[in-house]
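Structure assessment
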Amino acid sequence: MNRRPRRNRKSAPVRAQVRETHLGVENLIYPIFLVDGENVKSEVPSMPGNYRWSIDTVMQELEECMDLGVKHFDFFPAMPDDKKDKYATSSYNPDENFYLRALAKIRKNFPEMVIMTDVAMDPYSTDGHDGIVEGGKILNDETIEILAKMTVAQADAGADIIGPSDMMDGRIEYLRTELDLAGHTDTSIMSYTAKYASAFYGPFRDALDSAPKEAADIPKDKKTYQMDPANKREALLEGELDYLEGADYLMVKPAVHYMDVIHELKENFNIPVAAYHVSGECAMLIAACQNGWLDYERAMPETLMSLRRAGADSILTYFAKDFAKMVRDGKLDW
Ligand code: PBG
């Protein structure tokens, strides 16, 4: 045998030298749930180890993360019911929206942090949808006007990257234009390009109380705007539109179940591709580890590395802090 692939696997230093893919803390974006109030740190039941934080308690958490090298965050608001209405009007009004005020404080305390925000109506909407519901339908063009106000308000508060997670048509071009008109030419857009109508967002909707509401005239699911899990070519169409409309990053969501889509977008577009390892994917892994069926310190890094191998430049993951701790403690064992 003159070709023995095992020779390149014979020791840890040899494996390290020929490793094709690298995963570092700098690749990760850490999603954080914020709530109004003081002194709150309440665990999300279906995502052990993840919390809803009030602005006072989150500051120390953010400082710890920054010290560990986690510098990219994606913030999500859990809005109180009395701040929700049909047109998500609180979403762009700092007097009515603790989230915008919290972002401004975080910006001030951490000038070097990369702050990403979420743009969609669901946390602010009494209907629990990402767009305006009228006559049992989600209105596209009327929705993007609200998304634009939300976007500019978030950029005003100090966001570096805007994350439109709503899947309305044409929103990237509209948001880009409105950002530029408001003077925010440096604010990036990470488009949720291929966001699928997935069962894996359940724990997130519990955390934010943002699930579609039960009523005869409200669609029960998000299938008229989020993508059909059966479709891959359609992701190329969404990618092309987002690219032409001015997105700075294309995102695929969920992640592990959609690795082929990540790969496809990476092959076809010359802008960074992100993958969102979503709440349900995170919950599955934690549950198996808590049962003793999987080893967290091996399964978690392997999951993230696999997403990098599939083509993700950036990974949104609830494991960002734990991964950074493993790096610090020299525990990574590839
Ligand atoms: C809101 C939004 C969702 C997620 C991110 N932004 C939920 C949804 O579309 O219903 C899901 C994130 C996760 O599950 O971790 N538009």
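Residues numbered from 1 in each chain as written. Predicted model: local features only at pLDDT ≥ 70, side-chain atom pairs only at ≥ 80, totals over all residues. Heavy atoms only, no water.

**Observations regarding the nonpolar core**
Formed by 106 residues in total, the largest nonpolar core has its most connected members in Leu34, Phe73, Phe75 and Ile106. With eight residues, the top contributor of residues to this core is helix α4 (residues 140–157). Setting aside residues no more than four positions away along its own chain, Phe73 makes contact with Ile29, Tyr30, Ile32, Leu62, Cys65, Met66, Met113, Val114, Ile115 and Met116. (Core = buried A, V, L, I, M, F, W, Y, C linked by side-chain atoms within 4.5 Å. Buried < 20%, exposed > 50% of the residue type's maximum accessible area, 1.4 Å probe, protein only. Helix = DSSP H or I, 4+ residues; strand = E, 2+ residues; numbered from the N terminus. Contact = heavy atoms within 4.5 Å.)

**As for the site of the ligand**
By nearness alone, 18 residues border the ligand, and Lys195, Arg205, Lys253, Ser279 and Tyr318 come closest of all. In this structure, Ser279 approaches the ligand through a side-chain N or O atom, which is 2.7 Å from an oxygen atom. Burial of the ligand by the protein chains amounts to 100% of its free accessible area of 400 Å². Among the residues forming the shell around the ligand, the class breakdown is eight nonpolar, three polar and seven charged. (Near = heavy atom within 4 Å. Polar contact = N/O pair within 3.5 Å; in protein donor to acceptor, adjacent residues only side chain to side chain. Areas by Shrake-Rupley, 256 points an atom, 1.4 Å probe, with all protein chains shown as cover. Nonpolar A, V, L, I, M, F, W, Y, C, P; charged D, E, K, R; others polar.)

**Focus on the pairing of strand β5 (residues 114–119)**
Among the six residues that make up β5, five are buried, leaving the element largely enclosed by the rest of the structure. Bridge count between strand β4 (residues 72–78) and β5: four bridges; the pairing is parallel. Note on β5: the bridge partner recorded for Asp74 is Met116. Handedness of the crossover joining β4 and β5 through helix α3 (residues 98–109): right-handed. The pairing of β5 with strand β8 (residues 161–164) spans four bridges and is classified as parallel. When the sheet's bridge partners are listed, Met116 is paired in β8 with Ile161. (Pairing = 2+ DSSP bridges. Right-handed = clockwise from strand over helix to strand, strands pointing away.)

**What about the state of the cysteines?**
Counted under the stated rule, the structure contains zero disulfides. Of all cysteine sulfurs, the one in Cys282 lies closest to Cys65, which takes part in no disulfide; the gap is 14 Å. The class of Cys65 is buried, set by a relative accessible area of 0%. (Disulfide = S-S within 2.5 Å.)

Read these as geometric descriptors, not functional statements.
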